[in-house]
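Working through the structure, step by step
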Amino acid sequence: MPLLAFAVVSLVAGTAGNAQGNPKLSDAEVASVAVVANQIDISYAEIAKKRSQDADVLKFAQTMIDDHSAVISQAASLAKKLGVVPKDNDVSRQLLADAEKTKKELESKSGEAFNTAYVDNEVAYHKAVIGAVEGLLIPETENAELKSLLQKVLPALKAHLGHAEMLQKNRKK
Amino acid sequence: MDSKMFSGGLMVVLALFLTTGCTSTGDTKDDPSAGNPAIQPKSYTVEIAMMKFTPSTLSVHKGDTIIFVNNDMVTHDVTEQKEKAWRSSTLAAGNTWSMVAMTSSDYYCSIHPVMTGKFIVE
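None of the values given here were measured: they were computed from a predicted structure.

Turning our eyes to something else, we now look at the layout of surface pockets. Within this model, the largest pocket holds a volume of roughly 190 Å³. Lining the largest pocket, in full, are Asp56, Lys59, His163, Met166, Leu167 and Asn170 of chain A together with Tyr108, Ser110 and Pro113 of chain B. If you list the elements that add at least two residues to the lining of the largest pocket, you get α3 (55-82) and α6 (144-172) of chain A. Here the element with the most residues in the lining of the largest pocket is α6 of chain A; it accounts for four residues. Residues that form the lining of the largest pocket fall into these classes: four nonpolar, three polar and two charged.

The next thing to look at is the packing of helix α5 (residues 111-140) of chain A against α6 of chain A. Residue and element names in this part refer to chain A. One can describe the packing of α5 onto α6 by two numbers: an axis separation of 9 Å at closest approach and a directional angle of 155 degrees. Comparing the axis directions of α5 and α6 gives the class roughly antiparallel. Pair α5 / α6 crosses with left-handed handedness. Taken together, the residues that form the contact of α5 with α6 break down as 14 nonpolar, six polar and nine charged.

Another point: helix α4 (residues 90-107) of chain A. Residues spaced three or four apart along an α-helix point in a common direction, a consequence of the helix completing one turn every 3.6 residues. Relative to the 26 Å expected for 18 residues at 1.5 Å per residue, α4 of chain A spans 26 Å between its end C-alpha atoms, a close match to the ideal helical length. Put simply, asparagine 89 of chain A is the residue that caps the front of α4 of chain A, since its side-chain oxygen is 3.0 Å from the backbone nitrogen of valine 91 of chain A.

So, how was this worked out
Residues numbered from 1 in each chain as written. Chains lettered and ligands numbered in written order. Predicted model: local features only at pLDDT ≥ 70, side-chain atom pairs only at ≥ 80, totals over all residues. Heavy atoms only, no water. 1 Å grid on protein atoms, 1.4 Å probe; cavity = no way out; pocket = protein on both sides within 12 Å on 5 of 7 lines; lining within 4 Å. Points joined across faces, edges and corners; volume = space filled by probe spheres on them. Helix = DSSP H or I, 4+ residues; strand = E, 2+ residues; numbered from the N terminus. Nonpolar A, V, L, I, M, F, W, Y, C, P; charged D, E, K, R; others polar. Axes fitted to C-alpha atoms, helices over the stretch in contact; angles between N-to-C directions. Parallel < 35°, antiparallel > 145°, perpendicular 65-115°, else oblique. Left-handed = near helix turned anticlockwise from the far one by under 90°. Expected span 1.5 Å × (residues − 1). Polar contact = N/O pair within 3.5 Å; in protein donor to acceptor, adjacent residues only side chain to side chain.

Below is the structure:
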């Protein structure tokens, strides 16, 4: 399992925090985790755009940049409206730290090895983020509008996962 | 003409205008002239929201107009699946695109290929 996906799963299954075993997050911290999780996938896509020459991989990477940028824009607008300033926290810091390791791993590969590593990471990352949004961020969010935004983002994450799995399957043929 | 008959006639004209005179912010319209002249073309709306086309299956008559409305937060398109025989412009959030249905088609979003739909021309 890629490092970042492992980190997200570990955080969702963490022991410090509330009764369900999740870390306790304020809405400002949930907003920060949501923005960071989207930024991380954009950063992976930017590496793909530099290192891949595969048309399908490049198209997927551009979709990740466009969609996750749209989500960040919606989250930023909502945070502004609600007067919430995203606040760094253990979860967002851990995500960023592990993303750095994954980015180094991706940047060390080229050609087909890169394409495989990128697509595999996208499958694992989206699975982990979907798990984190469903199991951590939505339950932790108190504000109804922020919770609603997270619920609206889930179908996009699931469509991205389905798309990444299609690429993964096609690459194994 | 009695006033009730006049207002009834006006309503019919208005209804016909509403069902046939829809415009779109998209830029593609097929030729509706091959439709059956005995049947007045209708307009149907397919909503794109939560990464789905709704309704995912639509039954129409030849010459009917289908309006796709993107109510999602991300950009989509509508592309004929089998032969890529037609495709919409890129639909940013809030945009619409319309086409005149001539033959039954399976379609998908080429940006998010897991999103699929179909219309059946009866």
